[in-house]
Amino acid sequence: MNILHKFKETTVSVLPVMAIVFLLGLTIVPLEPLLLLRFFICGILLIIGLTVFLLGVDLGIQPMGERCGAALTKKKSLLLLLAVAFVIGFIVTAAEPDIQVFGDQVRSVFPFVNKTSFTFVIAGGVGLFIMLGLLRTVTNLSLKWTLFISYTILFVVAFFASDSFIAIGFDSGGATTGPMTVPFIMALGLGVSSVRAGKENNSFGLTGVSSIGPVLAVLIYSIVVNGGGIGVGPSTGSGNTVGLSVVPEPVEGPQLAAISSIIISALHESLTSIAPLFGLFIIFQIFLLKMTARQVIRMLIGFVYSFIGLTVFLTGVYGGFMQTGKVLGESFGALAFTKGGVWTFLLILTSVILGAIIVCAEPAVWCLSEQVETVSGGTIKRKMLLVFLSIGTSFAIGLAMWRAIAGFNIKLLLVPGYIIAMVLMLFCPELFTGIAFDSGGVASGPLTSTFVLSFALGAANSSSGSNDSFGVIALVAMMPLIAIQIMGIVYKIKTSKNQKQGGQSV
């Protein structure tokens, strides 16, 4: 099970974030000792929770996805495969906690939005594009053409949607990729491609394709319910909405009550995330998989580990990481507002550094990097993938901070960014294109959408009074498309040189 190896790697990912926060909190942006103590304890919980969660994914979630994909493909019924794919996508997305929070946030800004219909629209978009992704895998259609045509349709629809809902739509693509659903979707694609397509490399890109669905669905929804215009202007709110999560206000009352509230919230979110997959596991076992008792027990243990690990992980996120990020960002933003100049530059630079480091601790990022290294036979190193993903995320957070302070239209970043991503597809190997678009979906996980975005938008609130919380996730999801494809082009060049020199692949 290699639990010590996972513990070591998760520790290396989380500790740099803790070191930076302590460095800032003890020097230029002083924080209360009690807050720093909570942050330290929650950092330990993050390390433990992420380790146990990843172990559970290896034992339960990933094998289940691969077996389901392979078993459905062996039935040789394309209609059955696509119908089950839609149901899976719809159920796991509708139950995703981030979607519920995201729906509340959108409704608080645009009251004409019905949360239930909004949730079902997003879930339907995911279900339809998982169907499209698996259809592409089964029929060996070009991933690049699938992505190009899908994004062309997406931007044509975006032309008729309001600017406000463009940011919301692209944010919804990041909201659908939770820590439980991403490993299962990736494993489902791997199982299908290993049986029908004859090559496991064809499995990459399913998460990226499925992330287009909710964006397109939300934009169409905005056009239908309001004719493309926004009749109600964004509310000013209290300034506490950040990305996909709601930054909790300081809890008053006994400390024990506050701790129990955090734990209950983490338990509820973990249960909500894992229950749909566990229900699907029972149904698939009865009607499709029919595994031995030993295999079932092993997967059940994996589900238990995943539940415990995710609960501990989220307890750490909500117990101290998120609040520390908000307080640190507001304090830093106040300095930038009063002193300006160098402090504004340091504020953006700190956001960039935090974004580069913290993405490496995302659960879904770890699952993707492990699958990439395994499927590629070790030729694509996990560390190299994490380096390029960190670079992309750091630029995204920096751009998000710049936009939050300056307040310009997000289309000025999204349109050129996706044009660059489409052009890079012409030169990038298809394997890396699939990995890149998958990476865009997994980068905006619970850590990135809480601590870093709490920091960035808390700082922007203090320095400029901005409350533009939509569009940040969109930028985090966009930049890895560029960074990972650049990595693929570099890989292609190096491999070509080695082959000409008679060497081995890099």
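This text gives an overview of the structure that appears in the document. For every chain, the first residue of the written sequence is number 1, and numbering continues from 1 along that sequence. Local features in a predicted model are, by the rule used here, given only for residues with pLDDT of at least 70; side-chain atom pairs are given and counted only at 80 or more, and totals for whole chains, interfaces and linings are based on all residues. Excluding hydrogens and water, the side-chain values take into account all heavy atoms of the structure.

1. Quick word on the overall build of the protein
Here a strand is any run of E in DSSP of at least two residues, a helix any run of H or I of at least four, and the numbering for each starts at the N terminus. Tallying secondary structure elements over the protein gives 18 helices and two strands in all. Burial classes: relative accessible area under 20% of the type maximum marks a residue as buried, over 50% as exposed, and values in between as partly exposed (1.4 Å probe, protein chains only). Expressed as a percentage of its 506 residues, the buried residues of the protein come to 59%. Taking the contacts inside the protein whose residues are at least 6 apart along the sequence as the reference set, 86% of them involve residues at least 24 apart. Computed with a 1.4 Å probe, the accessible areas rest on the Shrake-Rupley method; for each residue, only the protein chains presented here act as cover. Put simply, the protein shows about 19,700 Å² of open surface, and 70% of that area lies on carbon and sulfur atoms. Pairs of residues are marked as contacts when any of their non-hydrogen atoms sit within 4.5 Å.

2. A look at helix α15 (residues 411-424)
To estimate how far a helix should reach, multiply one less than its number of residues by 1.5 Å. End to end, α15 covers 20 Å across 14 residues, agreeing with the expected 20 Å (1.5 Å per residue, within 8%). Looking at α15, one finds that the buried residues are Leu-413, Leu-414, Gly-417, Tyr-418, Ala-421, Met-422 and Leu-424. Projection of α15 onto a plane perpendicular to its axis shows the buried side chains occupying an angular sector of 160 degrees, all on one side. On the buried face of α15, the contacting elements are α6 (143-160), α7 (163-175), α14 (382-406), α16 (430-442) and α18 (472-500). To obtain the arc, one takes the directions from the helix axis to the C-beta atoms.

3. A word on empty space enclosed by the protein
A water-sized probe rolled over the atoms picks out the places where empty space is left. Definitions used throughout: a 1 Å grid over protein atoms alone; a cavity as a set of points that fits a 1.4 Å probe which cannot get out; a pocket as an open set with protein on both sides within 12 Å along at least five of seven lines; a lining residue as one with an atom within 4 Å of a point. Grid points are joined across faces, edges and corners, and a volume is the space filled by probe spheres set on the points. Here the structure, examined in full by the defined rule, presents five cavities of 30 Å³ or more. Counted as a void, the largest cavity has a volume near 150 Å³. Together, 16 residues line the largest cavity, and Tyr-151, Ser-211, Tyr-418, Gly-440 and Ala-477 are the ones closest to its centre. Three residue categories are used. Nonpolar comprises Ala, Val, Leu, Ile, Met, Phe, Trp, Tyr, Cys and Pro, charged comprises Asp, Glu, Lys and Arg, and polar comprises the others, including Gly. Of the residues assigned to the lining of the largest cavity, the class counts are 10 nonpolar, six polar and no charged.

4. A closer look at α6
Think of an α-helix as 3.6 residues a turn; residues three or four steps apart then line up on the same face. When the terminal C-alpha atoms of α6 are compared, their 27 Å separation across 18 residues agrees well with the 26 Å that a helix rising 1.5 Å per residue should span. Against α5 (115-139), α7, α9 (206-226), α15, α16 and α18 lie the buried residues of α6. The opening residue of α6 is Ser-142, an N-cap whose side-chain oxygen sits 3.3 Å from the backbone nitrogen of Lys-144. A 3.5 Å cut-off defines polar contacts: any pair of N or O atoms within that distance qualifies, except that in protein one atom must be a possible hydrogen donor and the other a possible acceptor, and neighbouring residues in sequence count only when both atoms are side-chain atoms.

5. So, the side chain of Thr-350
Positionally, Thr-350 belongs in helix α12 (residues 342-358). Taking the relative accessible area as the measure of exposure, Thr-350 reaches 10% and is therefore buried. Sequence-distant contacts of Thr-350, that is, excluding residues within four places in its chain, are made with Leu-24, Phe-332 and Phe-455.

6. A word on the nonpolar core
We call a set of buried residues a nonpolar core when its members are Ala, Val, Leu, Ile, Met, Phe, Trp, Tyr or Cys and they connect through side-chain atoms within 4.5 Å of each other. The biggest cluster of nonpolar side chains holds 138 residues, and the ones touching the most others in it are Met-64, Tyr-151, Phe-284, Phe-321, Leu-414 and Phe-451. Residue contacts for Phe-321: discarding those within four places in its chain leaves Val-14, Val-17, Met-18, Phe-39, Cys-42, Gly-43, Leu-46, Gly-316, Leu-447 and Phe-451. The next biggest cluster of nonpolar side chains, apart from the first, holds 13 residues, and it includes Val-109, Ile-168, Ala-175 and Tyr-221.

7. Some points on the packing of helix α1 (residues 3-25) against helix α2 (residues 33-74)
Lines are fitted to the C-alpha atoms to define the axes, a helix being fitted only along its stretch in contact, and any angle between axes, read from their N-to-C directions, falls within 0 to 180 degrees. At a minimum axis distance of 9 Å, the contact between α1 and α2 shows a crossing angle of 155 degrees. Classified by the interaxial angle, the pair formed by α1 and α2 is roughly antiparallel. In the packing of α1 onto α2, the handedness of the crossing is right-handed. Residue-level contacts link Ile-3, Lys-6, Phe-7, Thr-10, Thr-11, Val-14, Leu-15, Val-17, Met-18, Val-21, Phe-22 and Gly-25 of α1 to Leu-36, Phe-39, Phe-40, Gly-43, Ile-47, Leu-50, Thr-51, Leu-54, Leu-55 and Asp-58 of α2. In terms of residue class, the contact of α1 with α2 is made up of 15 nonpolar, five polar and two charged. Should an angle fall under 35 degrees it is called roughly parallel, over 145 degrees roughly antiparallel, and 65 to 115 degrees roughly perpendicular, with every other angle called oblique. Handedness of a crossing follows from how the near helix is turned relative to the far one, being left-handed for an anticlockwise turn of less than a right angle and right-handed for a clockwise one.

8. Some remarks on unusual backbone geometry
Look at Asn-140: it is not a glycine, yet its phi comes out positive at around 60 degrees. Within the secondary structure, Asn-140 sits in the loop between α5 and α6. Taking the relative accessible area as the measure of exposure, Asn-140 reaches 43% and is therefore partly exposed. Phi is positive for Lys-290, which is not a glycine, with a value near 50 degrees. With respect to the helices and strands, the residue Lys-290 is situated in the loop between α10 (255-289) and α11 (293-339). Of the residues examined, Lys-290 reaches a relative accessible area of 58% and is grouped as exposed.

9. Some words on the environment of Ala-474
With respect to the secondary-structure elements, Ala-474 resides in helix α18. Taking the relative accessible area as the measure of exposure, Ala-474 reaches 0% and is therefore buried. As a C-alpha pair, Ala-474 and Ala-400 span 74 residues in sequence and 9.2 Å in three-dimensional space. Ala-474 has contacts with Phe-170, Asp-171, Ile-410 and Leu-414, leaving out every residue within four places of it along the chain.

10. Examining the packing of aromatic side chains
Two aromatic rings from Phe, Tyr or Trp, using only the six-membered ring of Trp, form a pair when their centres are within 6.5 Å; if the ring planes differ by under 30 degrees the pair is stacked, by over 60 it is edge-to-face, and anything between is tilted. Evaluation of the coordinates by the stated rule reveals 19 aromatic pairs. Look at Phe-281 and Phe-303: their rings are 5.5 Å apart centre to centre, the planes differ by 40 degrees, and that puts the pair in the tilted class. Here Phe-281 is found in helix α10, whereas its partner Phe-303 is found in helix α11, with 22 residues between them in sequence. Of the residues examined, Phe-281 reaches a relative accessible area of 2% and is grouped as buried. With a centroid separation of 4.9 Å and 45 degrees between ring planes, the pair formed by Phe-432 and Tyr-491 is classed as tilted.

11. Let's talk about the packing of α2 against helix α13 (residues 363-375)
Look at α2 against α13: their axes get within 10 Å of each other, and the N-to-C directions meet at 45 degrees. With respect to α13, the axis of α2 lies oblique. The two elements α2 and α13 meet at a crossing, and its hand is right-handed. Residues Leu-50, Phe-53, Leu-54, Val-57 and Asp-58 of α2 form the contact with α13, whose participating residues are Pro-363, Trp-366, Cys-367 and Glu-370. Of the residues that constitute the contact of α2 with α13, the class distribution is seven nonpolar, no polar and two charged.

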